[in-house]
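Structural characterization, general
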Amino acid sequence: MSVREIVGLLQEADAEKALLLCHHNADPDAVCSAYALAGLLRRLRGGLSVELVAAQGPSKLSKRLLEHLEAEFVDYADVEAADVMFLVDTNNLRQLEDLGPVVARQASKVPLIIVDHHAPHPETERIARLCIVREDYTSTCEIVYELFEEAGFKPSPKEALALFLGMAYDTRHFSIARAETFRIAAGLVQLGVDVSGALRLLTTPMELSERIARLKACQRMRLEQVGGWIIALSHVSAYQASAARALLSLGAHVAVVAGKKDEQLQVSLRCTEEFHERTGIHLGVDVAKPLGEHIGGMGGGHPTSAGANGKGELEDCLEKALELIKDGLRRGKSEA
Ligand SMILES: [Mn+2]
């Protein structure tokens, strides 16, 4: 029923110009659903010009995808010229940053339509003429796909790819997908989407400096085995967190990577879920916090991902981290 309501509002507004708005630092679900929705709106109303904008521009990854899709987002939106506005993957005007007040003013003159999968915001519901909000959906792209179905139009190959990319991004490569997500994904693949090519587009190529930092961390690594757990200790002057993740992916259960820059010590700690669950060691509380105090700074974080900052010597800092992990293991007395 949503499509008929959209068409009704386009007619009522005698719309020549539609403006699609995405939240600040718009992610792939936002820009891709907006891109596909723009195509659908052009089919629903011949001659409609559609402008797309993201508050302060799309994210870095989104920009890359838009380039691939040859889709255009404008840097400057002429909000006052819009005959109809759509808020895509965005549930409140504050997410539009400085565009928010202008959009609120324009919404008192022309219809505002929300297409989103986040919990609706009461303020936005009040000023919107139509809310197409599906809180149980894992992405806005799924909503837009269903609008295509309802309207009886097939997404073009590029629109299909866009919808797939947005879905894959918001579902973390389908790891939190619903059954409906797979039905829609299957439909998109039938329209010609190349799955592995699409997923590759979503991975950010690593900078050369980051690759080198990771490899140097491996080269300088010191390995310790305690009760069957493998602890990797290393140091690099930048990208400590990335290097620690790299050491885990190589097989370490725990990785501690320190770095010294202008007398400042920075330490990143990572461990596998299994290590945390079986030993009960919380990297943030049990290791990073006391480590931060030891180096005269601060530390903390999550059970499997933590960090500390302070001053001192690399070797001493790594030794202290190892000691704290060993203490934790002694307390938990758990073998791998
Ligand atoms: Mn989303």
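Just so it is clear, the model here is predicted, and its values are computed rather than measured.

1. Remarks on the sheet that holds strand β3 (residues 84-88)
Pairing in this open sheet of five strands is parallel, and the strands run β2-β1-β3-β4-β5 from one edge to the other. Both outer strands of the open sheet, β2 (49-54) and β5 (130-133), are each paired with one neighbouring strand and no more. Strand-to-strand twist across the sheet, computed as the mean angle between neighbouring axes with direction ignored, equals 15°. Looking at chain direction, strand β4 (residues 112-116) and β5 are connected through four bridges and run parallel. Paired with aspartate 116 across the two strands is valine 133, which belongs to β5. Across the sheet, helix α2 (residues 28-44) touches β1 (17-22), β2, β3 and β4, and the angle it forms with β2 is around 170°. Across the sheet, helix α6 (residues 140-151) touches β3, β4 and β5, and the angle it forms with β4 is around 115°.

2. What to know about the packing of helix α7 (residues 157-170) against helix α8 (residues 179-190)
Look at α7 against α8: their axes get within 9 Å of each other, and the N-to-C directions meet at 150°. Taken together, the axis directions place α7 and α8 in an arrangement best described as roughly antiparallel. Between α7 and α8 lies a crossing of left-handed hand. Taking contact as the criterion, the partners of Ala160, Leu163, Phe164 and Met167 in α7 are, on α8, Thr181, Ile184, Ala185 and Leu188. Its residues placed into classes, the contact of α7 with α8 shows seven nonpolar, one polar and no charged.

3. Looking at the domain arrangement of the protein
Domain annotation for the protein reports domain 1 (2-201) and domain 2 (210-332). Taking the mean C-alpha position of each, domain 1 and domain 2 sit 42 Å from one another.

4. Digging into unusual backbone geometry
Residue glutamate 97 is not a glycine yet carries a positive backbone phi of 55°. Position of glutamate 97 relative to the elements: it lies in the loop between β3 and α4 (100-106). On the neighbour-count criterion, glutamate 97 (14 C-beta atoms within 10 Å) is partly exposed. Residue aspartate 262 is not a glycine yet carries a positive backbone phi of 50°. Mapped onto the elements, aspartate 262 comes out in the loop between β8 (254-261) and β9 (264-271). Taking the number of C-beta atoms within 10 Å as the measure of exposure, aspartate 262 has 5 and is therefore exposed.

5. Topic: the pairing of β3
With five of five residues buried, β3 lies mostly within the body of the structure. Of the two faces of β3, the one carrying Val84, Phe86 and Val88 and the one carrying Met85 and Leu87 are both buried. Pairing of β1 with β3, which is carried by five bridges, proceeds in the parallel orientation. Looking at the pairing, alanine 18 lines up with valine 84 of β3. Two elements, β3 and β4, share four bridges in a ladder whose sense is parallel. Across the sheet, residue phenylalanine 86 finds its bridge partner in β4, namely isoleucine 113. Each parallel crossover has a hand, and the one from β3 via α4 to β4 is right-handed.

Cut-offs used in this document
Residues numbered from 1 in each chain as written. Predicted model: local features only at pLDDT ≥ 70, side-chain atom pairs only at ≥ 80, totals over all residues. Pairing = 2+ DSSP bridges. Helix = DSSP H or I, 4+ residues; strand = E, 2+ residues; numbered from the N terminus. Axes fitted to C-alpha atoms, helices over the stretch in contact; angles between N-to-C directions. Contact = placed C-beta atoms within 7 Å. Parallel < 35°, antiparallel > 145°, perpendicular 65-115°, else oblique. Left-handed = near helix turned anticlockwise from the far one by under 90°. Nonpolar A, V, L, I, M, F, W, Y, C, P; charged D, E, K, R; others polar. Domains from an automatic or database assignment. Buried ≥ 20, exposed ≤ 12 C-beta atoms within 10 Å, placed from the backbone. Right-handed = clockwise from strand over helix to strand, strands pointing away.

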